[in-house]
Amino acid sequence: MEHIPSPKELRSAARACTFLAYAAGLAGVAGGTLMLRDDELAMALVLYTVTFAVGAALMGVAVLVRAVAGISTQLHRVESDVRVLVGDRVRGGPGPGERDPWTGHHPPY
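Procedures and definitions
- Residues numbered from 1 in each chain as written.
- Predicted model: local features only at pLDDT ≥ 70, side-chain atom pairs only at ≥ 80, totals over all residues.
- Heavy atoms only, no water.
- Core = buried A, V, L, I, M, F, W, Y, C linked by side-chain atoms within 4.5 Å.
- Buried < 20%, exposed > 50% of the residue type's maximum accessible area, 1.4 Å probe, protein only.
- Helix = DSSP H or I, 4+ residues; strand = E, 2+ residues; numbered from the N terminus.
- Contact = heavy atoms within 4.5 Å.
- Expected span 1.5 Å × (residues − 1).
- Axes fitted to C-alpha atoms, helices over the stretch in contact; angles between N-to-C directions.
- Parallel < 35°, antiparallel > 145°, perpendicular 65-115°, else oblique.
- Nonpolar A, V, L, I, M, F, W, Y, C, P; charged D, E, K, R; others polar.

(A) Representation of the nonpolar core within the structure. Within the largest apolar cluster, 6 residues are counted, these being Leu10, Ala14, Cys17, Ala62, Val65 and Ala69. Elements supplying a minimum of two residues to this core: helix 1 (7-37) and helix 2 (41-90). Residues within four places of Ala14 in sequence aside, it is in contact with Ala62, Val65 and Arg66.

Rendered as structure tokens:
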């Protein structure tokens, strides 16, 4: 089975994508400005457009990776809660007067 990244690793990957997006934007601005100084307006506009698209795509990836990290964190919490509920069920269910989480109502005893 392949390695499934933890939420911490996913958040680190999202930070790396954000950093790369800013780096691409900075490189595009610097390169486009140098091209404008050499009177190459068309190439400067192409460079601005391409680096903007790359930066926007990387920011989109960062948002998606953060969302997956959040979903993964929630799933770990739900899994932990289910383990506790299954453990209670194996030990004989809830005690007298406690609410049964599986059926949503109080036991008949």
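Continuing now.
(B) Spatial organisation of helix 2. A rise of 1.5 Å per residue sets the reference length of helix 2, with its 50 residues, at 74 Å; its end C-alpha atoms lie 73 Å apart and thus fit the reference within 8%. Among the residues of helix 2, those classed as buried are Ala44, Thr51, Gly55, Ala62, Val65, Ala69 and Ser72. Looking at the packing, one finds that the buried side of helix 2 touches helix 1.

(C) Quick peek at helix 1. Look at helix 1: 45 Å from first C-alpha to last across 31 residues, which is about the 45 Å you get at 1.5 Å a residue. Elements in contact with the buried residues of helix 1: helix 2. With its phi angle positive at about 60 degrees, Asp39 sits one or two positions after the end of helix 1.

(D) Seen up close, the packing of helix 1 against helix 2. Across the interface, helix 1 lies against helix 2 with an axial gap of 8 Å and an inter-helix angle of 170 degrees. On the basis of the axis angle, helix 1 is roughly antiparallel to helix 2. Here the residues of the contact of helix 1 with helix 2 sort into 25 nonpolar, 10 polar and 3 charged.

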